[in-house]
Amino acid sequence: MHYNAVRTDQLTAEIARAYGIERSKNKVLLNVSVLKKSAEGSNSPIDSEVKVTARNLNNQLKEVQLRPINEGTAIYYIAEIGFTGTETLVFDISATPTGSNTPITATLTREFFAD
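Residues numbered from 1 in each chain as written. Predicted model: local features only at pLDDT ≥ 70, side-chain atom pairs only at ≥ 80, totals over all residues. Heavy atoms only, no water.

### Things to note about the packing of aromatic side chains
For the structure shown, the criterion picks out 1 aromatic pair. Ring plane angle 40° and centroid distance 5.7 Å describe the contact between phenylalanine 83 and phenylalanine 112, whose orientation is recorded as tilted. Note that phenylalanine 83 is positioned in the loop between β8 (74–82) and β9 (86–97) and phenylalanine 112 in strand β10 (residues 104–113), a separation of 29 residues in sequence. Phenylalanine 112 matches phenylalanine 83 in its accessibility class, with the two residues each being buried. (Phe/Tyr/Trp six-rings, centres within 6.5 Å; stacked < 30°, edge-to-face > 60°. Helix = DSSP H or I, 4+ residues; strand = E, 2+ residues; numbered from the N terminus. Buried < 20%, exposed > 50% of the residue type's maximum accessible area, 1.4 Å probe, protein only.)

Here it is as structure tokens:
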């Protein structure tokens, strides 16, 4: 599983427009992808059930609405999450690949500044 979170104003206007993302100093884009390793060692994207909870250090939950993106052979899941001022966000990520009953889990903690 690969994941990352960046402020949406760091995206180019072209990319933001293409994916319907609002560029803002107060929004974070979370991107999650799940890869399956083949017998020969190469990785390929796999459709998965992805669930994310997001919270700040005060344990206030943030709304996360993931949407799948399928582009050719690429499969990933994105969500925009709002924040205010300077906030550390904790993302608890769970992904269950299609055909599996075992979720892959990870936690991403990142501090964001609205400048």
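Still to come is the rest of the account.
### Some words on the pairing of strand β5 (residues 48–56)
Across the two faces of β5 the burial differs, with Ser48, Val50, Val52, Ala54 and Asn56 buried and Glu49, Lys51, Thr53 and Arg55 not buried at all. Where β5 lies against strand β6 (residues 61–62), 2 bridges are found, and the strand directions are antiparallel. When the sheet's bridge partners are listed, arginine 55 is paired in β6 with leucine 61. In this antiparallel pair of consecutive strands, β5 and β6, the connection spans 4 residues, and asparagine 59 shows a positive phi of 60°. (Pairing = 2+ DSSP bridges.)

### What to know about the sheet that holds β6
Spatial strand order, β6-β5-β9-β10: 4 strands in an open sheet with antiparallel pairing. The open sheet has two edge strands with one neighbour each: β6 and β10. Pairing geometry for β5 and β9, over 9 bridges, is antiparallel. Bridging from a neighbouring strand, valine 52 pairs with isoleucine 93 of β9.

### Focus on the sheet that holds strand β1 (residues 2–7)
Here we have 4 strands laid out as an open sheet, ordered β1-β2-β8-β7, and antiparallel in their pairing. Single-partner strands in this sheet number two, and they are β1 and β7 (67–71). Taken over all neighbouring pairs, the strand axes of this sheet differ in orientation by 25° on average, direction set aside. Sheet topology places β7 next to β8; 5 bridges connect them, and they run antiparallel. Along β8, the bridge assignment pairs asparagine 70 with isoleucine 75. (Axes fitted to C-alpha atoms, helices over the stretch in contact; angles between N-to-C directions.)

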